[in-house]
Amino acid sequence: MSARTEIMRGDVTLSAHSTGRKDGPTILLSNSLGAGLNMWAPQRAALEAHYNVIGYDTRGHGQSSTPDGDYTFDDLSADAVAVLDHFNVAKADYIGLSLGGMTGLGLGLDHAERFNKIVCASARADNPAPFVSSWDDRIAAIAKGGMSAIWNGTVERWLTPEFFAANPELVEKLESDFKQTTVTGYTGCARALQTLDYKRRLGDMTVPTLFISGADDFGAPSAEMKDLSAKTPNAHYIDIPDCAHIANLNQTDAFNTAVQNFLEF
């Protein structure tokens with residue numbers, strides 16, 4: 001892995017790194033809540049021969065800093081744009097999953113001039129009451145017991161039981177990154193999720209977008225993601241069988257194939 005780069009934006013320091021073809025087109029990767037940029041290792045292996053691949057740790061995650069207070073999707077989108085600006089990238093492709101996928105929708109709507117194509121995986125675009133209350137529950141749990149208090153419930157949503165059992169080393173790495181996430185950072189991002197309100201605007205999306213769902217993902221159900229795709233102009237939709245929330249790891253080959261077909265490389 002190349003050396004990390006620290007990027008200052010206001011009250012946050014973002015940890016990023018760039019690998020792959022420096023003379024190639026750029027692709028930006030944005031992680032799930034509770035994961036770091038290392039979650040994209042299987043995609044880097046597929047992307048680096050074609051792309052300048054930039055990953056970054058979301059604020060409050062990995063080696064990025066943790067500003068105090070609740071975050072907004074405007075904050076998260078501005079962080080992503082700041083990463084592109086730092087590397088002098090005028091326009092990029094983008095892959096985001098869960099929180100990163102939702103951030104991608106904001107980028108496509110509010111910073112369309114910076115992106116060629118967007119992959120939005122394992123995400124939703126609104127904030128119904130049960131969704132909001134589920135984050136209140138998790139915020140309360142980590143305030144009392146730290147990140148460990150919600151790890152077991154999280155990984156049960158992230159991966160199918162068969163994959164979990166067959167990949168202990170990968171699960172251990174995910175657990176390490178999850179517990180490295182600060183309580184303040186996780187809480188700040190969760191508060192952003194509770195304000196999620198992109199669904200009503202999807203008709204304004206001009207950037208070609210691929211929606212990827214896992215058939216066994218209960219956090220971002222297939223039916224919901226199919227509906228997001230139907231509401232988005234110039235969108236494509238792929239549902240991956242036998243796949244839970246962290247689709248890029250749970251079904252790497254199917255995920256990579258969908259991305260490669262969409263990005264045409």
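Residues numbered from 1 in each chain as written. Predicted model: local features only at pLDDT ≥ 70, side-chain atom pairs only at ≥ 80, totals over all residues. Heavy atoms only, no water.

Visitor: Explain the overall build of the protein here, please?
Guide: Helix and strand counts for the protein come out as 11 helices and 8 strands. For the protein, whose C-alpha radius of gyration is 17 Å, the value lies close to the compact-globule estimate of 18 Å for 265 residues. Its C-alpha atoms give the protein principal-axis dimensions of roughly 45 × 40 × 40 Å. Relative to its full complement of 265 residues, the protein shows a buried share of 55%. The contacts of the protein with a sequence gap of at least 6 include a subset with a gap of at least 24, amounting to 77%. Summed over its atoms, the accessible surface of the protein is roughly 10600 Å², and 50% of this surface lies on carbon and sulfur atoms. Separation of charge centres in the protein, based on 21 positive and 33 negative side chains, amounts to 3 Å. (Helix = DSSP H or I, 4+ residues; strand = E, 2+ residues; numbered from the N terminus. Rg over C-alpha atoms; globule rule 2.2 N^0.38 Å. Buried < 20%, exposed > 50% of the residue type's maximum accessible area, 1.4 Å probe, protein only. Contact = heavy atoms within 4.5 Å. Areas by Shrake-Rupley, 256 points an atom, 1.4 Å probe, with all protein chains shown as cover. Lys, Arg positive; Asp, Glu negative; His and termini not counted. Charge placed at Lys NZ, Arg CZ, Asp CG, Glu CD.)

Visitor: Help me out: how do you make sense of the packing of helix 5 (residues 151-158) against helix 7 (residues 168-180) in this one?
Guide: The description of two packed helices rests on the angle between their axes and on the distance between the axes. Running from N to C, helix 5 and helix 7 cross one another at 130 degrees; their axes reach a closest spacing of 11 Å. With respect to helix 7, the element helix 5 is oriented oblique. For the pair helix 5 and helix 7, the crossing hand works out as right-handed. Of the residues in helix 7, those in contact with W151, T154, V155 and W158 of helix 5 are V171, L174, E175, F178 and K179. Considering only residue class, the contact of helix 5 with helix 7 consists of 6 nonpolar, 1 polar and 2 charged. (Axes fitted to C-alpha atoms, helices over the stretch in contact; angles between N-to-C directions. Parallel < 35°, antiparallel > 145°, perpendicular 65-115°, else oblique. Left-handed = near helix turned anticlockwise from the far one by under 90°. Nonpolar A, V, L, I, M, F, W, Y, C, P; charged D, E, K, R; others polar.)

Visitor: I keep staring at the packing of aromatic side chains and nothing clicks. Help me out?
Guide: Two numbers describe a pair of aromatic rings. These are the distance of the centres and the angle of the planes. Scanning the model with the defined rule gives 10 aromatic pairs in all. Pairing W151 with W158 gives two aromatic rings, centres 5.8 Å apart and planes at 85 degrees, and the pair type is edge-to-face. Taking the relative accessible area as the measure of exposure, W158 reaches 4% and is therefore buried. A ring pair is formed by W158 and F178, whose centres lie 5.8 Å apart and whose planes are at 85 degrees; its orientation type is edge-to-face. With a gap of 20 residues between them, W158 in helix 5 and F178 in helix 7 connect regions that are remote in the sequence. (Phe/Tyr/Trp six-rings, centres within 6.5 Å; stacked < 30°, edge-to-face > 60°.)

In short, geometric facts, not functional conclusions.
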